[in-house]
Amino acid sequence: MDVLYFAWVRERIGVPKEKVETTAATVSDLVAELSAREDRYAAAFADVSALRVALDQELSDFDAPLAGIREVAFFPPMTGG
């Protein structure tokens with residue numbers, strides 16, 4: 001699946017997008033797998049309460065299943081104005 005990173009998440013990880021082979025069942029499982037890769041991922045996902053996630057371009061929760069999902073995007077909360 002494609003994993004996209006936006007704003008400071010991208011800055012900490014160092015790439016805007018990557019293809020990830022995963023056995024994760026949920027977004028939280030994917031975050032755990034990514035965090036275990038390297039310190040830069042661990043830093044980006046240290047506080048998931050400061051992150052939002054979209055699955056196939058629809059806002060979702062971290063306990064959402066990944067079955068059939070092609071794209072996961074992580075980004076900080078947005079404000080309007």
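The structure presented is a predicted model; accordingly, all values stated were derived computationally and were not measured. (Residues numbered from 1 in each chain as written. Predicted model: local features only at pLDDT ≥ 70, side-chain atom pairs only at ≥ 80, totals over all residues. Heavy atoms only, no water.)

(A) Molecular detail of the overall build of the chain. From N to C terminus, the chain includes three helices and five strands. Listed N to C, the secondary structure of the chain is β-α-β-α-α-β-β-β in terms of helices and strands. A globule of 81 residues ought to have a C-alpha radius of gyration of about 12 Å, and the chain, at 12 Å, matches this closely. Along the longest, intermediate and shortest principal axes, the C-alpha atoms of the chain span 35 × 30 × 20 Å. Long-range pairs, those at least 24 residues apart, make up 51% of the contacts in the chain with a sequence separation of at least 6. Summing over all exposed atoms, the chain offers an accessible surface of approximately 4900 Å²; the carbon and sulfur share of this is 51%. (Helix = DSSP H or I, 4+ residues; strand = E, 2+ residues; numbered from the N terminus. Rg over C-alpha atoms; globule rule 2.2 N^0.38 Å. Contact = heavy atoms within 4.5 Å. Areas by Shrake-Rupley, 256 points an atom, 1.4 Å probe, with all protein chains shown as cover.)

(B) Focus on helix α2 (residues 27-37). Regarding α2, the residues found buried are Val 27, Leu 30, Val 31 and Leu 34. Along the axis of α2, the buried positions cluster into a sector of 100°, meaning they face one direction only. If you follow the buried residues of α2, they end up packed against β1 (2-5), α3 (39-44), β3 (52-55) and β5 (71-75). (Buried < 20%, exposed > 50% of the residue type's maximum accessible area, 1.4 Å probe, protein only. Arc of directions from axis to C-beta.)

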